[in-house]
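Observations on the model geometry
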Amino acid sequence: MLAVIRALGLSYEVEPAGSQLNEPLNKAEQAMYDRLEESFRQIKLHQEGKIELKTIEEVLAELS
């Protein structure tokens with residue numbers, strides 16, 4: 001995850017273990033969280049051989 005954050009040029013802070021934010025996520029944050037959670041779920045299923053992910057060629061074809 002850290003590599004992705006760095007590759008996107010984003011800054012980040014690491015919270016000490018056990019610290020929790022008490023504020024709920026706003027809509028944009030929740031949407032990003034949901035997308036990341038779904039992506040990680042799909043990666044796990046792919047690694048377990050339960051689903052096939054699209055190739056980069058298939059993704060690029062959809063975008064054009």
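Below: a short report on this structure. Only a predicted model underlies this, so the values are computations on that prediction, with no experimental measurement involved. (Residues numbered from 1 in each chain as written. Predicted model: local features only at pLDDT ≥ 70, side-chain atom pairs only at ≥ 80, totals over all residues. Heavy atoms only, no water.)

1. Describing the overall build of the protein
Put simply, the rule is: A helix here means a DSSP run of H or I that spans at least four residues, while a strand means a run of E at least two residues long, and both kinds are numbered starting from the N terminus. Throughout, the radius of gyration refers to the C-alpha atoms, and the reference size of a globule is 2.2 Å times the residue count to the power 0.38. Accessibility throughout is a Shrake-Rupley quantity obtained with a 1.4 Å probe, and a residue counts as covered only by protein chains that appear here. Neither His nor the chain ends is counted toward charge; the positive residues are Lys and Arg and the negative residues Asp and Glu. Charge placement uses NZ in Lys and CZ in Arg. For Asp and Glu, CG and CD serve respectively.
The secondary structure content of the protein amounts to 3 helices and 0 strands. Starting at the N terminus and walking to the C terminus, you meet the elements of the protein as α-α-α. Whereas a compact globule of 64 residues would reach a radius of gyration of roughly 11 Å, the protein reaches 16 Å, over 25% beyond that. Structurally, the protein occupies a C-alpha span of about 40 × 30 × 25 Å along its principal axes. Summing over all exposed atoms, the protein offers an accessible surface of approximately 6,300 Å²; the carbon and sulfur share of this is 58%. A gap of 3 Å separates the mean positions of the 7 positive and 12 negative side-chain charges of the protein.

2. Some details on helix α2 (residues 27-47)
Our working definition: Take the residue count of a helix, subtract one, and multiply by 1.5 Å to get its expected span. Polar contacts here mean pairs of N or O atoms no more than 3.5 Å apart (in protein, one a potential hydrogen donor and the other a potential acceptor; neighbouring residues in sequence count only if both atoms are side-chain atoms).
With 21 residues, α2 extends 30 Å between its outermost C-alpha atoms, agreeing within 8% with the 30 Å of an ideal straight helix rising 1.5 Å per residue. For α2, the side-chain oxygen to backbone nitrogen distance between the N-cap and Ala28 is 3.0 Å, and the N-cap itself is Asn26. Looking one or two residues past α2, Gly49 carries a phi angle of roughly 80 degrees, positive in sign.

3. A short note on the pattern of salt bridges
Note the threshold: What counts as a salt bridge is simple: a side-chain nitrogen of Lys or Arg found within 4 Å of a carboxyl oxygen of Asp or Glu. Remark: exposure states derive from per-residue accessible area (1.4 Å probe, protein chains only) relative to the maximum for the residue type, with buried under 20%, exposed over 50%, and partly exposed in between.
In total, this model carries 3 salt bridges according to the counting rule given. Note that Arg41 and Glu38 form a salt bridge whose closest N and O atoms lie 2.6 Å from each other. Of this pair, Arg41 and Glu38 both sit in helix α2, 3 residues apart, roughly one helical turn. With relative accessibility at 43%, the residue Arg41 sits in the partly exposed group.

4. Some thoughts on the layout of surface pockets
Rules: Of the grid points, spaced at 1 Å and generated over the protein atoms alone, those admitting a 1.4 Å probe that cannot get out make up cavities, while open sets with protein on both sides within 12 Å along at least five of seven lines make up pockets; any residue with an atom within 4 Å of a point is treated as lining. Grid points are joined across faces, edges and corners, and a volume is the space filled by probe spheres set on the points. In the scheme used here, Gly and all other residues not listed as nonpolar or charged are polar, with Ala, Val, Leu, Ile, Met, Phe, Trp, Tyr, Cys and Pro taken as nonpolar and Asp, Glu, Lys and Arg as charged.
Quantified by volume, the largest pocket comes out at close to 520 Å³. As for the largest pocket, its lining consists of 16 residues, of which Met1, Glu29, Met32, Tyr33 and Leu36 are closest to the centre. At the level of elements, α1 (2-7) and α2 are the ones that each hand at least two residues to the lining of the largest pocket. If you tally residues by element for the lining of the largest pocket, the top one is α2, at 6 residues. Residues that form the lining of the largest pocket fall into these classes: 12 nonpolar, 1 polar and 3 charged.

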